[in-house]
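Observations on the model geometry
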Amino acid sequence: MIATTEDGRALEVRVRHEVLRVEPWGDGSLRVRAGRHKILDDVPGALLPAKPSAATASADGRTGRVVNGALTAIVAVADTDTGIDAQLKFVRTDTGEELLSEQRAHFWWPGARLFMPSRNGYGRLEQRFAAYDDERLYGLGQHTHGRLDQKGLVLDLVQRNAEVSVPFLLSSRGYGFLWNSPAVGRVELAANGTRWVADDARQLDYWITTGDGPRQILGHYADATGHAPMLPEWAAGFWQSKLRYSTQEELLAVAREYHARGLPLSVIVADFFHWTHLGDWRFDPAEWPDPAGMIRELDELGVKLMVSVWPSVSPLSANYQELHERGLLVAAESGVPAHAPWKDKGFDVEMPVAFYDATNPAARRFVWAKVKENYYDLGVRAWWLDGDEPEIQPGHPHNLGFHAGPGAEVFNLYPQANAQAFHDGIRAEGDDEVVLLSRSAWAGSQRYGAALWSGDVAATWASLRAQVRAGLNVALAGIPWWTTDIGGFHGGDPASPEYRELMVRWFQYGVCCPLFRLHGFRDPRPPFGPDMTGGPNEVWSYGDSAYTAITASLRLRERLRPYLMAQMRVAHEQGIPPMRPLFVDFPADPECWTVEDAFLLGPDLLVAPVLEAGVTSREVYLPSGAVWTDAVTGNRYAGGTRVEAPAPADRIPLFLRDDVELPIRPE
């Protein structure tokens, strides 16, 4: 019934048709899988092969345990009204303190785990855990609900524009938990229990870890799913974008103007519709007659060109037929393999388009070969992976068929696999600089050089407030490279004084994000189609007063870049994100677990962005255990206090930890 395996390092429990395996998976970490009749090793997941750890397992009748460093799992087989059942709990090895325990759904049926068969070994899967009144839960990717602590919420496990499912959470009780399944489903973080649900899959799979505080937990998670590469230095600078530069000459004119004004610029973007047809993955020569020459001029200006590469393929594309005939497109369980509407060049009506199957290695190689020929070989080195949820309309992932499995079981994996196509292609060229700006991600995306941005968000103060929480949860979900569309994406009138104020404040916040990027679809906004460009969105587009404040933000970012790059090194080596909630560095301060409107950039800079219109000061909580200095005024404050910090229009409150010095003030 309970037996030790793997030379006494793991447990396997058999109860009727269920097989439960508990095995060590990295320091202080365990992986749990449950299946019918057997454990499958071919189910997609995020975990890398486990690093060795000094674990021991023991079994005694109906009880077993696995001890792996700081984490111990205890499994007990007990009698119930409907027969025997196995139940797990996880405790701290040194104290026996309960971290997390499975919970039966009902004293009769079902238990903590549920498998409701549908067909051919697939079924609805549920995993239940106990709830704890004092618990706070963070991470889980990127969401627009505007909360940092997600206890009490129900979240869909599915990829959508601005809603990014990365199913790793960090608990205030001292554990990290990964739902190691890309299946479509949901998680319910309720007061009477936590329930993870996969709509249609073959096997339950989760990973749990503990350690000495949030920093070690995040480090364990990076070890288990992959560390981000080292961010190239150029990527820490300012990125200029709008929807959209429609010609080569228009884009070059903007880059030249930045140079003429003496403003820092690291990246400029050729957004969508720069191509001939969707899925051709090449510049339209009518609008971009000499991309190689354009890239050479940008290089001379010290600017990288980023190109937008969508995974969708129009039937008009020169690549469609081969992709279709070779089975390299995402299939459909019923109907034709067309999954979204699109207005392609030369057509006034929408037509259905397909997506290449990024879970198929052959499809990844095909797409990279086209991207290499038409972009990389011309000198492009920065990539915008837009619409890679993938952006299906209507949103019926259960109707999709992938190389990796049915859409219901593997859909959430797509953005990670799409990033892998570019990562593997770039590395095969002997190039170790991989920067992929992606609209979606899944657990492990960070190991492929994927940066996430918050999607097509609104240009409002409420949206800015939500970004702060979203970015911190992304960091806690293991993705250290993150940014927003400064100013929001949808709308914004460059001539409006009210919007100019929002733009200035968003810029000040953006300075302290891991990536620093301006983008948006400004007024006037024409209808969707290949002729759309949107209003102006350069730093000089918002009037003289805003320009003065914005350029001050650009120069502050330049001064902070050495500090930021040092934090990127920490992210690469240790898995600690540069932007993070206060409790990551101050877990012993209870107040830090409740602060949602301020954060740390690295260990030494506390950032308190202005998130309301018309504000000239704001309250800031300063964590206990340090002395904090206002980076501009020089005023010093004891930790564990709240201060009313000045926030005039030209700056946001920034505080330095203890006696550290950073170049916040201009020389």
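Residues numbered from 1 in each chain as written. Predicted model: local features only at pLDDT ≥ 70, side-chain atom pairs only at ≥ 80, totals over all residues. Heavy atoms only, no water.

Looking at an unreviewed UniProt entry, the protein chain carries the name Alpha-D-xyloside xylohydrolase, with the source organism given as Amycolatopsis lexingtonensis. UniProt's Sequence similarities (unreviewed entry) comment on the protein chain is quoted here verbatim: "Belongs to the glycosyl hydrolase 31 family." (UniProt positions renumbered as here; feature names shortened; annotations may be inferred.)

**Overview of helix α3 (residues 291-300)**
All buried positions along α3 are accounted for by P291, A292, G293, M294, I295 and L298. One or two steps after α3, the chain reaches G302, where phi turns positive at roughly 75°. (Buried < 20%, exposed > 50% of the residue type's maximum accessible area, 1.4 Å probe, protein only. Helix = DSSP H or I, 4+ residues; strand = E, 2+ residues; numbered from the N terminus.)

**Focus on the state of the cysteines**
Tallied over the entire structure, the rule returns zero disulfides. For the unlinked cysteine C512, the closest cysteine sulfur is that of C513, found at 7.5 Å. Relative accessible area serves as the criterion here: at 1%, C512 is assigned to the buried category. The structure places no disulfide on C592, whose sulfur is separated from the nearest cysteine sulfur, that of C512, by 18 Å. Residue class for C592 comes out buried when judged on its relative accessible area of 0%. (Disulfide = S-S within 2.5 Å.)

**A look at the pattern of salt bridges**
Evaluation of the coordinates by the stated rule reveals 48 salt bridges. When the shortest N-O distance is used, the salt bridge between R439 and D456 registers 3.6 Å. One end of the pair, R439, is in the loop between β29 (436-438) and β30 (450-453); the other, D456, is in the loop between β30 and α8 (461-476), and 17 residues separate them in sequence. D456 gets classed as partly exposed once you look at its relative accessible area, which sits at 21%. Put simply, R561 and E558 hold a salt bridge, and the shortest N to O gap is 3.1 Å. A residue pair is termed a helical-turn pair when its members lie 3 or 4 positions apart in one helix, as R561 and E558 do in helix α10 (residues 544-574) at three residues. On the basis of relative accessible area, R561 is assigned to the buried category, the value being 9%. Via salt bridges that share partners, R124, E126, R128, R186, E188 and R195 belong to a single interconnected network. (Salt bridge = Lys/Arg side-chain N within 4 Å of Asp/Glu carboxyl O.)

**Some points on the layout of surface pockets**
What the largest pocket holds in volume is close to 500 Å³. Forming the boundary of the largest pocket are 22 residues, of which R16, E18, W109, R113 and F115 lie nearest the centre. Residue assignment for the lining of the largest pocket shows that the elements contributing at least two residues are β4 (29-36), β8 (83-92) and β10 (113-119). Its residues assigned to classes, the lining of the largest pocket shows 11 nonpolar, five polar and six charged. In this structure, the second largest pocket occupies an estimated 420 Å³ of space. Considering the residues around the second largest pocket, the lining is formed by 25 residues, among which F272, W310, E391, D456 and F528 are closest to the centre. Looking at the lining of the second largest pocket, the elements that each hand over two or more residues are β24 (340-342) and β25 (351-355). When residues in the lining of the second largest pocket are grouped by element, the largest group, three residues, is from β24. Each residue belonging to the lining of the second largest pocket can be placed in one class, and the counts come to 14 nonpolar, five polar and six charged. (1 Å grid on protein atoms, 1.4 Å probe; cavity = no way out; pocket = protein on both sides within 12 Å on 5 of 7 lines; lining within 4 Å. Points joined across faces, edges and corners; volume = space filled by probe spheres on them. Nonpolar A, V, L, I, M, F, W, Y, C, P; charged D, E, K, R; others polar.)

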